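# What the coordinates show
If you want the building blocks of each chain, they are given just below.
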Amino acid sequence: MGRETYDRRMRAFSRRAILAYASVAMTLFLGGILAVGHAAELRGREEGTSTARAHPVGAIDYLRTIDTSAVAELTKPRSFWGKLLEWVAGPGKRAGFTRPYGLTEDSEGRLIVADPGQRVVHILDFERRAYAMISGARGKEFLSPVGVAVDASDGIYVTDSARGEVYVFNRKGKFQRTLGEHLGGRMLQRPTGLAIDSKANRLYLTDTLRHQVLVLRLDGQLIQVIGRRGTGPLEFNFPTAIALVDGKLYVVDAMNFRIQVLSTEGTHIRSFGRIGQESGTLFRPKGIGVDSDGNVYVVDALFETVQVFNPEGDPVYYFGSTGTGPSQFVLPSGIYVNARDQILVADSYNRRLQVFRYRRVRP
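Residues numbered from 1 in each chain as written. Predicted model: local features only at pLDDT ≥ 70, side-chain atom pairs only at ≥ 80, totals over all residues. Heavy atoms only, no water.

To continue, consider the environment of R229. Topologically, R229 is positioned in strand 18 (residues 228-229). Between the alpha carbons of R229 and Q212 there is a distance of 7.4 Å; along the sequence they are 17 residues apart. Those residues in contact with R229, other than ones at most four positions away along the chain, are H211, E235, F236, N237 and F238. Among the polar contacts made by the side chain of R229, one reaches the side chain of N237 at a distance of 3.1 Å. (Helix = DSSP H or I, 4+ residues; strand = E, 2+ residues; numbered from the N terminus. Contact = heavy atoms within 4.5 Å. Polar contact = N/O pair within 3.5 Å; in protein donor to acceptor, adjacent residues only side chain to side chain.)

This is the structure:
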């Protein structure tokens, strides 16, 4: 990266009152493909002092962008009466993203996206060219939907961080129940991330203000409370996103600037990450996902990149930069890695999703 480009990025971050940004582009664009290699300490690389050698371990292919225009293609044209009602009553909620955040995919490949900016959950079915929107329950509409997950029947679970509730809908988006009333007086304060183990009939939920991970049955009955506030193993400081992959829980311990990896029974396996300005450090971690090789993807909204760690927690590469083009982000948030190793990133303030694919590269 040239010095002029680096200085321009630093000035852009300063304008948004961000404390530091020291990332250097390690990503090579070849025919739309971002080849990514071993992560070196970025400041040393920039100054020409790093001795780390690039070692290709994988590639991230940029596939496409899903924005409001792509969502609009899934919606039917409004009828005359629909247009008349809008003219009389004013426009309602429109298909399209305002501030996409949490996201997942169901067994049919439908994308389910929480949008706290518009206070809805979008359901996008590109195969059948269909679209649906969930606004909450009657008389209890969403205030801030942020996390989404699905069970084995494609039931949809949504955390509303402002209401302190977990909503449950069937696969068609029909409201079924909320889970908060089953917690025996232990009311949720700020539920955010959630992950579901349908075989074990368990839901894992981060409560950011309680600094804990709650384990519930899918009917809402409390099974276990994991953690307390602190900096040690099984202690959290404003945990947010959570992912469940191959019997391991990956928890974004946001204000400890790290990831904690737990067993599904709540024992500590490892932690990795620290605050800093170099590759492999975290400043504002958001979403988390894991690919088929066990690589861990962490969105950092400050650096506006996706950092990637190997299964042991060592940094291996990152991708993304600040901007509005392909493979660029502005305050990204959620991430989801599906069974096909497609990586979906909620590019929140660009009002879109970006889709990538992890591809192995053999030595």
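As enumerated under the stated definition, the model contains 14 salt bridges in all. Across the pair R352 and D347 runs a salt bridge, and its minimum N-O distance is 2.7 Å. We classify D347 as buried; its relative accessible area is 0%. Each member of the salt-bridge network shares a partner with another, and the members are D61, R357 and R359. (Salt bridge = Lys/Arg side-chain N within 4 Å of Asp/Glu carboxyl O. Buried < 20%, exposed > 50% of the residue type's maximum accessible area, 1.4 Å probe, protein only.)

Below, the discussion takes up the confidence of the model for the chain. Mean pLDDT over the chain: 82, with 77% of residues reaching 70 or higher. When the criterion is pLDDT under 50, residues 1-56 qualifies, and its contacts beyond four places in sequence or with other chains add up to 100 contacts. (pLDDT = per-residue confidence, 0-100.)

What follows concerns unusual backbone geometry. At R119, a position not held by glycine, the phi torsion is positive, near 60°. Counting through the fold element by element, R119 comes out in the loop between strand 5 (111-115) and strand 6 (120-125). The partly exposed category is assigned to R119, whose relative accessible area is 43%. Positive phi, close to 55°, is recorded for E304, a residue that is not glycine.

Backbone hydrogen bonds hold the strands of a sheet together, and the pairing may be parallel or antiparallel. Read from one edge of the open sheet, four strands run 10-11-12-13, paired in antiparallel fashion. Taken across any chain shown, the strands that pair with only one partner, and hence form the sheet edges, are strand 10 (145-150) and strand 13 (175-178). Across the sheet, the mean angle from the axis of one strand to that of its neighbour is 25°, orientation sign disregarded. As paired elements, strand 11 (residues 156-160) and strand 12 (residues 165-169) share five bridges and run antiparallel to each other. Bridge pairing links V158 to Y167 in strand 12. (Pairing = 2+ DSSP bridges. Axes fitted to C-alpha atoms, helices over the stretch in contact; angles between N-to-C directions.)

Right, let's get into the nonpolar core. Core analysis: the biggest nonpolar cluster contains 15 residues, and I60, Y297, V306, F319 and I343 have the highest contact counts within it. Contributions of two or more residues to this core are made by strand 25 (296-300), strand 26 (305-309), strand 27 (315-319), strand 30 (335-337), strand 31 (342-347) and strand 32 (352-360). Top element by residues in this core is strand 27. It accounts for three residues. (Core = buried A, V, L, I, M, F, W, Y, C linked by side-chain atoms within 4.5 Å.)

Another aspect to go through is the sheet that holds strand 23 (residues 268-272). The four strands are arranged 20-21-22-23 in an open sheet whose pairing can be described as antiparallel. Pairing within the sheet leaves two strands with one partner each, and these edge strands are strand 20 (239-245) and strand 23. Geometrically, the sheet is characterised by an average inter-axis angle of 20° between neighbouring strands, direction not taken into account.

Glancing now at the environment of P233. Here P233 lies in the loop between strand 18 and strand 19 (235-236). Given the relative accessible area of 56%, P233 is considered exposed. Along the primary structure P233 and R270 are separated by 37 residues, whereas in three dimensions their C-alpha atoms are 8.1 Å apart. Those residues in contact with P233 that lie beyond four places of it in its chain are Q260 and H268.

Once that is clear, we can look at the packing of aromatic side chains. Under the counting rule described, the total for this entry stands at ten aromatic pairs. Each ring, one from F169 and one from F175, has its centre 5.8 Å from the other, and the planes form 70°; the classification is edge-to-face. We classify F169 as buried; its relative accessible area is 1%. A centroid spacing of 4.9 Å and a plane angle of 45° characterise the contact between F272 and F309, whose relative ring orientation is tilted. In this pair, F272 is assigned in strand 23 and F309 in strand 26, connecting sequence segments 37 residues apart. By the burial criterion, F272 is buried, and F309 matches it. In this structure an aromatic cluster arises from ring pairing among Y62, F319, F329 and F356. The lysine or arginine in question, R64, covers the ring of F126, its NZ or CZ lying 4.7 Å from the ring centre. (Phe/Tyr/Trp six-rings, centres within 6.5 Å; stacked < 30°, edge-to-face > 60°. Lys NZ or Arg CZ within 6 Å of the ring centre and 35° of its normal.)

Inspection of the sheet shows strand 3 (residues 58-66) paired to strand 32 by eight bridges, in the antiparallel sense. Its bridge partner being in strand 32, D61 is matched across the sheet by R357.

Here we take up the pairing of strand 26. Of all five residues in strand 26, five are buried, a share of seventy percent or more. In strand 26, alternate side chains face the same way, and those of T305, Q307 and F309 on one face and V306 and V308 on the other are all buried. Sheet topology note: the strand 25/strand 26 ladder contains five bridges and is antiparallel. Pairing of V296 across the sheet is with F309, part of strand 26. Hairpin remark: strand 25 followed by strand 26, antiparallel, with four residues in the connecting loop; positive phi at E304, about 55°. Sheet analysis places strand 26 next to strand 27, joined by four bridges and oriented antiparallel. Paired with F309 across the bridge in strand 27 is P315. With antiparallel pairing between neighbouring strands as the criterion, strand 26 and strand 27 make up a hairpin whose turn holds five residues, including G313 at a positive phi of roughly 95°.

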